[in-house]
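Below are the chains, spelled out letter by letter.
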Amino acid sequence: MKSRDTFLPYGKQWVDQVDIDEVVAVLQSDYLTTGTVIDQFEQRMAQYVGAKYAVAFANGTAALHGACVASGIKSGDEVITSPLTFAASANCVRYLDGKVIFSDIDHETYNLDPMLLEEKINHRTKAIITVDYTGQPCDYDKITPISKKNNLVLIADAAHGLGASYKGKKVGSLADMTMFSFHPVKSMTTGEGGIITTDSKVYYEKLKDFRSHGITRDPSRLQHSDKPWYYEMHSLGFNYRLTDIQAALGISQLSKLDSFIERRRQIAAKYTEALKSNPFIRTPYQLPNTSSSFHLYVIQLQTDKLQANRTEIFKKLIAANIGVNVHYIPVYYHPYYQQLGYKKGVCKQAEALYESILSLPIFPRMSDVDVADVIREVNRITNEVSM
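The name given to the protein in an unreviewed UniProt entry is UDP-4-amino-4, 6-dideoxy-N-acetyl-beta-L-altrosamine transaminase, and the organism recorded there is Gracilibacillus marinus. Per UniProt, the protein has the following entry under Sequence similarities (unreviewed entry): "Belongs to the DegT/DnrJ/EryC1 family."

Here it is, written out as structure tokens:
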């Protein structure tokens, strides 16, 4: 059968005319940034995940930086996170001169292994940053008690996890602070953007200050408030604000989020059903009583049964116009972290997994024909290179 004529990317945004009209309405309004649309977006996001507060940021990395600042992380403090993630999950700690402690993953969920966390904790440990890899929630029932017992801040990097749920509760209401990303390939988009959801008013106020130069206009917090124009800078913050233009897109996208997630789950189910009988592939495991948002669909190649390595299979799929990708290179493999003294061999499960994984295309606008094309080419190529 003939391969595809057009390239299918691993991920892609879905922006329609309704989204465009909402953005244009803001462009024609008085405020392009720091207006009321930001507040509306934050309120709707908090409501969606079941949290009391939400604070929007220019991107997910800025939001994680804010969460670390709100947690009080400072030079010398240690923060535990997963190596199987984008660099931002660790970089946000380094921005504050904290030390990143990488802990290994569970070989089934690919998330942090709760059984290994306590051995990483000492008097310098300040927080745990979990990663909802591919959109699968971390094991909150096991990790939350560990964080509480050791008086640690639990920050959820749920860049992949918007729309996911854990035992009937939406991700975003389960950690002390939860970060979501709105990059174009994520569950919904604001172009670039991120947000922190939390139930803590203390964190909420710190986050709001931090994203806007450390400045507040709240009359109840001002040392002098006798002038109507008055504001005060209480801390050293950054300019990490989201614009009203982006927030308008976010509000529109949020109204369609559930349908986006449902389509992702349908595609994932089709993949799993079609590929589970392929002896050269391991399909994703799902933690019981959770519902993944399936930002990614990651297969594990059984390379011991294949005559080709992962790189060769990757190239063959790309040549067939199937836009596979690899998520992620373990963070401490990068030269920056190697220069800090991190060595390979720290997290053996994550390192072994990295050698065999491929991310298949998955995004809401994929057609059933697209899905069938991916399945056909994955089966064809793995069978061609089988022993």
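*Asks:* What is the right way to read the packing of helix α1 (residues 17–27) against helix α8 (residues 244–254) from this model?
*Replies:* In helix packing, the relevant descriptors are the interaxial angle and the interaxial distance, both defined with respect to the helix axes. The interhelical angle for the contact between α1 and α8, taken along N-to-C directions, is 150°, at an axis separation of 8 Å. Between α1 and α8, the angle falls in the class roughly antiparallel. In the packing of α1 onto α8, the handedness of the crossing is right-handed. Mapping the contact onto sequence places Val18, Asp19, Glu22, Val23, Val26 and Leu27 in α1 and Asp244, Ile245, Ala248, Leu249, Ser252 and Gln253 in α8. Taken together, the residues of the contact of α1 with α8 sort by class into seven nonpolar, two polar and three charged.

*Asks:* Just to check I follow, could you spell out α1 for this structure?
*Replies:* One turn of an α-helix holds 3.6 residues; hence residues three or four places apart share an orientation. Three or more residues of α1 are buried, namely Asp19, Val23 and Val26. The buried side chains of α1 occupy one side of the element, clustering within an arc of 55° when seen end-on. Buried residues along α1 sit against α2 (36–49) and α8. Among the residues of α1, the N-terminal cap falls to Asp16, whose side-chain oxygen and the backbone nitrogen of Val18 are separated by 3.1 Å.

*Asks:* Help me out: how do you make sense of the pairing of strand β8 (residues 177–181) in this one?
*Replies:* Regular strands place side chains that alternate from one sheet face to the opposite one. Judged by how many residues are buried, β8 sits mostly within the fold: five of five residues are covered. By the alternation rule, side chains of β8 split into Met177, Met179 and Ser181 and Thr178 and Phe180, which are all buried. As paired strands, strand β5 (residues 153–157) and β8 are joined by three bridges and run parallel to one another. The residue of β8 that forms the bridge with Ala156 is Thr178. Inspection of the sheet shows β8 paired to strand β9 (residues 194–198) by four bridges, in the antiparallel sense. Bridge assignment links Ser181 to a residue of β9, and that residue is Gly194.

*Asks:* Would you take a moment to explain the pattern of salt bridges for this structure?
*Replies:* A side chain of one charge can pair with a side chain of the opposite charge when the charged atoms of the two come close. Taken as a whole, this structure holds 18 salt bridges when the rule is applied. With a shortest N-O distance of 3.1 Å, Arg124 and Glu78 are connected by a salt bridge. Highlighted residues: Arg124 in the loop between α5 (114–117) and β4 (125–131) and Glu78 in strand β2 (residues 78–81), separated in sequence by 46 residues. Residue classification places Glu78 among the buried positions, given a relative accessible area of 5%. One salt bridge in this structure joins Lys142 and Asp139, with 3.9 Å as the shortest N-O distance. Judged by relative accessible area, which is 47%, Lys142 ranks as partly exposed. Here the salt bridges do not stand alone but share partners, grouping Arg4, Asp370, Asp373, Arg376, Glu377, Arg380 and Glu384 into one network.

*Asks:* How should the sheet that holds strand β3 (residues 99–102) be read in this particular structure?
*Replies:* Pairing between sheet strands relies on hydrogen bonds along the backbone, with the strands arranged either parallel or antiparallel. Spatial strand order, β1-β9-β8-β5-β4-β2-β3: seven strands in an open sheet with mixed pairing. Among the strands making up the open sheet, the edge pair consists of β1 (53–57) and β3. This sheet shows a mean twist of 20° between the axes of neighbouring strands, independent of strand direction. Sheet contacts for α2: β1, β8 and β9; angle to β1, the most-contacted strand, approximately 125°.

Rules used in this analysis
- Residues numbered from 1 in each chain as written.
- Predicted model: local features only at pLDDT ≥ 70, side-chain atom pairs only at ≥ 80, totals over all residues.
- Heavy atoms only, no water.
- UniProt positions renumbered as here; feature names shortened; annotations may be inferred.
- Axes fitted to C-alpha atoms, helices over the stretch in contact; angles between N-to-C directions.
- Helix = DSSP H or I, 4+ residues; strand = E, 2+ residues; numbered from the N terminus.
- Parallel < 35°, antiparallel > 145°, perpendicular 65-115°, else oblique.
- Left-handed = near helix turned anticlockwise from the far one by under 90°.
- Contact = heavy atoms within 4.5 Å.
- Nonpolar A, V, L, I, M, F, W, Y, C, P; charged D, E, K, R; others polar.
- Buried < 20%, exposed > 50% of the residue type's maximum accessible area, 1.4 Å probe, protein only.
- Arc of directions from axis to C-beta.
- Polar contact = N/O pair within 3.5 Å; in protein donor to acceptor, adjacent residues only side chain to side chain.
- Pairing = 2+ DSSP bridges.
- Salt bridge = Lys/Arg side-chain N within 4 Å of Asp/Glu carboxyl O.

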